[in-house]
Amino acid sequence: MAEENSKTIEQEGFIRVERDDRLLDVFPKETIEKGVQLWEKWTDTKVEIIRIHLPKGAKGVTRHVFSRKEIEYALLNLKKIEL
């Protein structure tokens, strides 16, 4: 199931957020250690985040859309955002 989700998400142009990615500073509760996998897709105006609960959590897949300015502001100012 998780592998199927990953392939579909990659086909849509998303890239997996790795452990050392600064985006995890913005979403500190969304880590692989907490059973969550994040995928990102950036455009000129927005950032789409797909959140996958791994099998232990079994809570599924959710999609979130933020303005690019909001995410860039959070990165520059060490602001945290909850999904």
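Reading the values: the criteria
Residues numbered from 1 in each chain as written. Predicted model: local features only at pLDDT ≥ 70, side-chain atom pairs only at ≥ 80, totals over all residues. Heavy atoms only, no water. Core = buried A, V, L, I, M, F, W, Y, C linked by side-chain atoms within 4.5 Å. Buried < 20%, exposed > 50% of the residue type's maximum accessible area, 1.4 Å probe, protein only. Helix = DSSP H or I, 4+ residues; strand = E, 2+ residues; numbered from the N terminus. Contact = heavy atoms within 4.5 Å. Pairing = 2+ DSSP bridges. pLDDT = per-residue confidence, 0-100. Polar contact = N/O pair within 3.5 Å; in protein donor to acceptor, adjacent residues only side chain to side chain. Salt bridge = Lys/Arg side-chain N within 4 Å of Asp/Glu carboxyl O.

Of all hydrophobic cores here, the largest spans 14 residues; its most connected members are Phe27, Leu38, Ile49, Ile71 and Ile81. Contributions of two or more residues to this core are made by α2 (23-26), β2 (36-42), β3 (46-53) and α3 (68-77). Excluding residues within four positions of it along the chain, Leu38 makes contact with Ile15, Arg16, Val17, Leu24, Phe27, Glu30, Ile49, Ile50, Arg51 and Leu83. Among the nonpolar cores identified, the runner-up in size contains five residues, and Ile9, Phe14, Trp39 and Ile52 belong to it.

Looking now at the pairing of β2. Of all seven residues making up β2, five are buried, and the element is well covered by its neighbours. In this sheet, β2 lies alongside strand β1 (residues 15-16) in antiparallel orientation, the contact comprising two bridges. Of the residues in β2, the one forming a bridge with Arg16 is Trp39. Strand direction decides the pairing type here: β2 and β3, joined by seven bridges, are antiparallel. Directly across from Val36, in β3, lies its bridge partner His53. Hairpin connection from β2 to β3: three residues lie between these consecutive antiparallel strands.

In this section: the confidence of the model for the protein chain. Taken residue by residue, the protein chain gives an average pLDDT of 87. The fraction at 70 or more is 87%. The element-level mean pLDDT for the protein chain is lowest in helix α1 (residues 2-11), coming to 72, with α3 highest at 96.

Time to look at the side chain of Gln37. Looking at the secondary structure, you find Gln37 in strand β2. Engagement of the side chain of Gln37 in a polar contact is seen with the side chain of Trp39, the distance being 2.8 Å.

Under the criterion given, the structure shown has eight salt bridges. Glu12 is the salt-bridge partner of Arg63, the closest N and O atoms lying 2.7 Å from each other. Of this pair, Arg63 sits in strand β4 (residues 61-67) while Glu12 sits in the loop between α1 and β1, and the two are 51 residues apart along the sequence. Assessed through its relative accessible area of 35%, Glu12 is described here as partly exposed. In this structure, Glu82 engages Lys29 in a salt bridge whose closest nitrogen and oxygen atoms are separated by 3.4 Å. Here Glu82, found in the segment after α3, pairs with Lys29, found in the loop between α2 and β2; they are 53 residues apart in sequence, far enough to count as distant. Overall, Lys29 belongs to the partly exposed group, its relative accessible area being 48%. A cluster of three or more residues bridged by salt bridges with shared partners is formed by Glu12, Lys41, Lys46, Glu48 and Arg63.

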